[in-house]
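A closer look at the structure
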Amino acid sequence: MSPKPAATPGIPPAARGGESAVPRHVAIIMDGNGRWATKRGLPRVAGHRAGAEAVRKAIEVAVEAGIEVLTLYAFSSENWRRSDAEINDLTGLMRFYLERELKTLEKEGVRLKLIGEPAAFGAELAAKLERAVERTASNQRLTLVVALNYGSRVEIAAAAKMLAERAVAGEIAADQIDEALLGAELQTADLPDLDLLIRTSGEVRLSNFLLWQSAYAELVFLDTLWPDFDEAAFGEALGLFAQRQRRFGGR
Ligand code: IPE
Ligand code: IPE
Ligand code: MG
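Criteria and thresholds
Residues numbered from 1 in each chain as written. Chains lettered and ligands numbered in written order. Predicted model: local features only at pLDDT ≥ 70, side-chain atom pairs only at ≥ 80, totals over all residues. Heavy atoms only, no water. Axes fitted to C-alpha atoms, helices over the stretch in contact; angles between N-to-C directions. Helix = DSSP H or I, 4+ residues; strand = E, 2+ residues; numbered from the N terminus. Parallel < 35°, antiparallel > 145°, perpendicular 65-115°, else oblique. Left-handed = near helix turned anticlockwise from the far one by under 90°. Contact = heavy atoms within 4.5 Å. Nonpolar A, V, L, I, M, F, W, Y, C, P; charged D, E, K, R; others polar. Patch = residues over 30% accessible without salt bridge, like charges linked within 9 Å, V, L, I, M, F, W, Y side chains within 5 Å. Areas by Shrake-Rupley, 256 points an atom, 1.4 Å probe, with all protein chains shown as cover. Salt bridge = Lys/Arg side-chain N within 4 Å of Asp/Glu carboxyl O. Buried < 20%, exposed > 50% of the residue type's maximum accessible area, 1.4 Å probe, protein only. Pairing = 2+ DSSP bridges. Right-handed = clockwise from strand over helix to strand, strands pointing away.

**Things to note about the packing of helix H3 (residues 84–108) against helix H4 (residues 123–135)**
Where H3 meets H4, the axes come as close as 11 Å, and the angle between the chain directions of the two elements is 15°. The pairing of H3 with H4 is recorded here as roughly parallel in orientation. By crossing handedness, the relation of H3 to H4 is classed as left-handed. Between H3, through Thr-91, Met-94, Arg-95, Leu-98, Glu-99, Leu-102 and Glu-106, and H4, the contact on the second element is made entirely by Glu-124, Leu-125, Lys-128, Leu-129, Ala-132 and Arg-135. Looking at the contact of H3 with H4, its residues break down into six nonpolar, one polar and six charged.

**Describing a nonpolar patch on the surface**
Side chains of Val-204, Leu-219 and Phe-221 sit close together on the surface and give an oily, nonpolar patch of about 250 Å² of accessible area. Along the chain, Phe-221 falls in strand S6 (residues 218–221).

**Focus: the pairing of strand S5 (residues 196–199)**
The two faces of S5 match: Leu-196 and Ile-198 on one face and Leu-197 and Arg-199 on the other face are all buried. Note: strand S1 (residues 25–29) against S5, four bridges, orientation parallel. Following the sheet pairing, Val-26 is matched in S5 by Leu-196. As defined by bridge partners, S5 adjoins S6 across four bridges and the pair is classed as parallel.

**Description of the pairing of strand S4 (residues 142–150)**
The side chains of a regular strand alternate between both faces of the sheet. Counting buried positions along S4 gives nine out of nine residues, so the element sits mostly inside the fold. Both strand S2 (residues 69–76) and S4 contribute to a ladder of seven bridges, which runs parallel. From the neighbouring strand, Ser-76 faces S4, where its bridge partner is Tyr-150. Here strand S3 (residues 110–116) runs beside S4; their pairing, made up of seven bridges, is parallel. Bridge pairing in S4 places Leu-114 opposite Val-146. Running through H4, the crossover from S3 to the neighbouring parallel element S4 is left-handed.

Next up, the structure:
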């Protein structure tokens, strides 16, 4: 066994006593829009529309609760397997809500950040998203990270590729590569460690979301379908988090 390190890098202050009940960084796998619509005899797009309203509420709650970063899984790199019609509906909704909500984000002090590969949604939407990122860049109340065409394995592979290129260029030695260097190449490098990961809809899996980042996150799985995710449901997840005792391998 290697000797105990003097410091505990990467371990947040919350783990060293002075326990914080409010997570700094919360991520949500917003699942269940389709089932919500089907249950009501509506087309799936109606579920996505209702889901977009739930996003609004979740942002409000996050701001009020004093959460620093809210990361939302909006579209996975595997969601391209859906029908063209559903993908069209989803991109149309993204465009609509982005235009409608940009002013609110500015007013509420929300900084928008994107992870994934949003360029795949076409130049027009990508440019709109980029403009929203620029216009909210100096906001400080909440960082809203939207994962668009995001896949954790792709993200980690890209980071590995970057490190390999830097090693080939002689910038770093291969044996210098460690978790800090790899973490610094991920799209989440500038964000605090993930504290709480919530998935709605009753599914108990990560679906290729923040695999590296969730190493020591608390996981909360709720049966609530995403469009029904309201203040009470968010409060329930935050309550469960506050009761958890995080150990990070210590005792
Ligand atoms: C989540 O809801 C939204 C996206 C994945 C874009 P779903 O569309 O996956 O809803 P279910 O899982 O089919 O109910
Ligand atoms: C995960 O939900 C992706 C998002 C919520 C954007 P999915 O509905 O795509 O996940 P699976 O297919 O049930 O694993
Ligand atoms: Mg789903």
